[in-house]
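Take a look at the letters that make up each chain.
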Amino acid sequence: MPSPFKRNISLTGDTRLTIISLTDSKEFAAGFPGIKVAIQHTFKEMGALEALGTLSKMNQKDGFDCAGCAWPDPEKPSKLGEYCENGAKALAEEATYEKVDADFFKKHSVEEISTWSDFHIGKSGRLTQPMILREGSIHYEPISWDAAFDTIAVHLKSLASPDEAIFYTSGRSSNEAAFLYGLFVRAFGTNNMPDCSNMCHESSGVALSETLGIGKGSVKLEDFEEAEVIIVMGQNPGTNHPRMLSALEKCKKNGGKIISINPLAEAGLIRFKDPQSLSGITKGTSLTDIHLQVKINEDVALLKLLLKKLAHLERSGKSVFDHNFIKTYTEGFDQLLKDLERYSENELLERCGIPEETIDEAVSLLAEKNKIIICWAMGLTQHKNGVDNIKECVNLLLLKGSLGKPGTGTCPVRGHSNVQGDRTVGIMHHVSKELNQSIEKVFGFTPPNKEGLDTVKALEAMHEGRAKVFIGLGGNFASAVADTNYAAEALQNCDLTVQISTKLNRSHLITGKTALILPTLGRSEKDNANGKERFLTVENSMGKVHRTKGVLQPKSEHLKSEPEIIGGIANAYFKNQHPVAWEDLGKDYDTIREKMSEILKGFESVQKDSKGSGYYLPNNVRELDFSKLEHGKAKFSICKMASHERKPNEFLLMTIRSHDQFNTTIYGLNDRYRGIQNERRVLFMNPKDMERFGYKRLDIVDLVSNYDSVERRAQKFLIVPYNIPQGNLGAYFPEANMVVPHNHYADKSNTPISKSIIVHLERSK
Ligand SMILES: Nc1nc2c(c(=O)[nH]1)N[C@H]1C(S)=C(S)[C@@H](COP(=O)(O)OP(=O)(O)OC[C@H]3O[C@@H](n4cnc5c(=O)[nH]c(N)nc54)[C@H](O)[C@@H]3O)O[C@H]1N2
Ligand SMILES: Nc1nc2c(c(=O)[nH]1)N[C@H]1C(S)=C(S)[C@@H](COP(=O)(O)OP(=O)(O)OC[C@H]3O[C@@H](n4cnc5c(=O)[nH]c(N)nc54)[C@H](O)[C@@H]3O)O[C@H]1N2
Ligand SMILES: [Mo]
């Protein structure tokens, strides 16, 4: 029997090292270099005139929402433009003149393209027409939209059970697209809806739901102006949420203090020069007052130490805790204090690796102030004990009564620009009885009530042959998930993989036997039907739903909007044999919004938001209403410390983002604030560790992890001496995903341990 056809696909692409140049890491973020880079990127990809006109519409009421991060827009946007350097790069990436069309795929096979670097693949341009990679072929060929939809329908119908299909979502989709997608997947009969947030803020969602009764943050933008202390933990806003720096600057100007908790002294947290105000010309504002340089994944130890010291002050007669608040709104206070007694201050101090004087400074500040906000991102969520990291933050806020009043609250800073909205409108693998009942009432079909698969479980199911069809609404599943080799085997095991995408990425190359590319409109593009302009909505990091309307001409006449594509797939599958008129619904966003408002609490109908200024969704923490939780109280939690058994030659590795990337999209090869030019395969290492192991600057090593006796290797990284705690290492995602084990993830949230992987180093051969 002939062996089955297998494409020869490279998982890493070109890994040749370039001529790297290193400078000192920077002490401030943005300022004029930020403007310069924004202009360079947009002018190069889309031309000067179009770039300036489009940037001025970004994050404005009559324009489109930036496809970068989910940071909210101020009520009065700046006239100079309400965007940042990295928002401009996100726009340039989407609005590029370059095109990936049928000729491109005729010229380049998937085998060839896979040997290019991710940077090179991304720069190929925008996808312009539906394409199919047929079984046994290595070239994509054009296919009509109808034939593409029929191909999907045939595969879905051939499955033994709807649970053999996986429907992934990345957080760029609009509320309307995500709602329709979730509806179709349930109508099809499964809850297999893994989402990028499973790898992102799932730990926040779990921790906040269990302690406070809502899986989202409670702060609003204006709270930043009133806060007395803002703690920024496990987050690099200078790169990943640059517009947050303006909010932190306002807090400083009003006399607030900032504590940053991070193994690295990230540039954006030290000093900020707002490129869009006068301070950008002068020396800028210094942001961090106290930097607690915690070792990787020792945040629970650090927080316990802070809590213990605060409790000590309280016992000595100082009024530190808000007892009124604790009595009225919480439960578990006594147990928490009792548990803290189990730990010795010395042990905690040693674990977090921070000088005691610096910790005491933070304790004095926290003891005195009551209006506290804690912001966090992936540095807390992507660990085995990610959920406990966040619960320990909630403990601090509850002790201080720092919730539900101006200048206080929880602030999980979300990643993708609409990842929060996608979840709100129904993308989830869990079953919600309430949602299912509403869907049944409004749409007349019964959604499935069997728990679905999240990202890690979906990967396993495909690997084991229990799932055979993969559909991705955006994203780059192959590169974003843990364990690149395992992920590739899983996807290549599928009969059909479908990607609804704007740009070419590795998930179009690491495919099932048959693969489809369905090209879609980007956020910045006009979405017209019958000569009428349509708009979509998104939800920002602070729970406000607002409109987004593109301004640019679509890159190709063959593109369809995401809701139209979903409507098309559903229509081909159901062939009018279903209570929902899928094709019509996919075209009619007003009706989708009407249906959303019937099904989801807090979603005003279009009419109520006629001016398009947006509205906040309900948030029980803002109202201090914990009635949905047991006994109607917010919960203190007993959190476990991290545990990492390491051999003497092993390190803890965190996989982080450079300043020139958006997740798996590589904008460029620099990481300006950290002083890296022209290379991504770098490994940040403490100079004392380098000396201990006999390494010199720019020595080339492989990262090797060994979980459950499986060796995983990421090849060829250049060692860069850096101010990082001893025993810790940093490298960029997605290059380092090769060493992240697929079967090690956070308790309860299943988020891969991308920020604390045990590795050792071997000199590259
Ligand atoms: N330009 C740009 N913007 C983005 C993105 C992008 O890639 N590029 N990605 C978007 C997405 S999806 C997300 S989720 C966010 C990500 O935003 P971030 O979470 O800021 O991104 P990371 O680079 O993963 O950075 C994590 C930070 O946590 C620190 N850290 C790592 N381990 C620990 C730890 O154990 N304890 C503490 N206290 N800190 C730790 C690292 O030093 C780093 O500063 O940004 C969003 N915005
Ligand atoms: N090791 C490690 N792994 C990680 C992380 C980490 O810190 N370390 N971070 C994790 C996190 S926080 C996240 S959120 C995930 C990200 O995982 P994903 O969301 O899956 O990945 P992205 O790189 O954001 O996806 C980029 C692709 O989305 C498509 N796209 C862009 N805009 C649109 C649009 O408007 N519509 C559609 N349909 N497609 C569009 C483009 O084709 C682009 O190539 O990765 C996770 N993986
Ligand atoms: Mo994310």
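In case you missed it, the structure is sitting above this.
Reading the values: rules and limits
Residues numbered from 1 in each chain as written. Chains lettered and ligands numbered in written order. Predicted model: local features only at pLDDT ≥ 70, side-chain atom pairs only at ≥ 80, totals over all residues. Heavy atoms only, no water. Helix = DSSP H or I, 4+ residues; strand = E, 2+ residues; numbered from the N terminus. Rg over C-alpha atoms; globule rule 2.2 N^0.38 Å. Contact = heavy atoms within 4.5 Å. Core = buried A, V, L, I, M, F, W, Y, C linked by side-chain atoms within 4.5 Å. Buried < 20%, exposed > 50% of the residue type's maximum accessible area, 1.4 Å probe, protein only. Domains from an automatic or database assignment. Pairing = 2+ DSSP bridges. Axes fitted to C-alpha atoms, helices over the stretch in contact; angles between N-to-C directions. Near = heavy atom within 4 Å. Polar contact = N/O pair within 3.5 Å; in protein donor to acceptor, adjacent residues only side chain to side chain. Areas by Shrake-Rupley, 256 points an atom, 1.4 Å probe, with all protein chains shown as cover. Nonpolar A, V, L, I, M, F, W, Y, C, P; charged D, E, K, R; others polar.

Caption draft 1: Representation of the overall build of the chain in the model. The helix and strand tally for the chain stands at 29 helices and 33 strands. By the compact-globule yardstick of 27 Å for 765 residues, the chain fits well, its C-alpha radius of gyration being 25 Å. For the chain, the C-alpha atoms occupy an extent of roughly 75 × 60 × 55 Å along the three principal directions. In the chain, once contacts between residues fewer than 6 apart in sequence are set aside, the share between residues at least 24 apart is 79%.

Caption draft 2: Here's a closer look at the nonpolar core. Phe105, Met462, Leu653, Leu683, Leu703 and Leu761 are the most contacted members of the largest nonpolar core, which totals 78 residues. Of the domains in this structure, domain 2 (94-200 + 418-616) and domain 4 (651-763) are the two that each give at least three residues to this core. Setting aside anything within four residues of it in sequence, one finds Leu683 in contact with Leu653, Val701, Leu703, Phe717, Leu718, Ile719, Val720, Leu729, Gly730, Ala731 and Leu761. Counting 61 residues, the second-largest nonpolar core is a separate cluster that includes Ala207, Phe321, Ala362 and Ile390.

Caption draft 3: Seen up close, the sheet that holds strand E7 (residues 165-169). Spatially, E6-E5-E18-E17-E16-E7 is the arrangement adopted by the 6 strands of the open sheet, whose pairing is mixed. Of all strands in the sheet, those bounded by a partner on one side alone are strand E6 (140-142) and E7. Each strand of the sheet is rotated relative to its neighbour by a mean of 15°, with strand direction disregarded. Pairing of strand E5 (residues 131-133) with strand E18 (residues 514-519), which is carried by 3 bridges, proceeds in the antiparallel orientation.

Caption draft 4: Highlighting the site of ligand 1. Taken together, 31 residues are adjacent to ligand 1, and Glu266, Asn297, Asp299, Gln661 and Asn663 come closest. With respect to ligand 1, the backbone of Thr239 contributes an N or O atom lying 3.2 Å from a nitrogen atom. One nitrogen or oxygen atom from the side chain of His383 is found 3.1 Å from an oxygen atom belonging to ligand 1. Coverage of ligand 1 by the protein chains reaches 99% of its 920 Å² of free accessible surface. Of all elements in the fold, only helix H11 (237-240), helix H19 (378-381), strand E25 (651-656) and strand E26 (661-662) reach the threshold of two or more residues within the shell around ligand 1. Broken down by class, the residue content of the shell around ligand 1 amounts to 12 nonpolar, 15 polar and 4 charged.

Shape descriptors only; they carry no functional weight alone.
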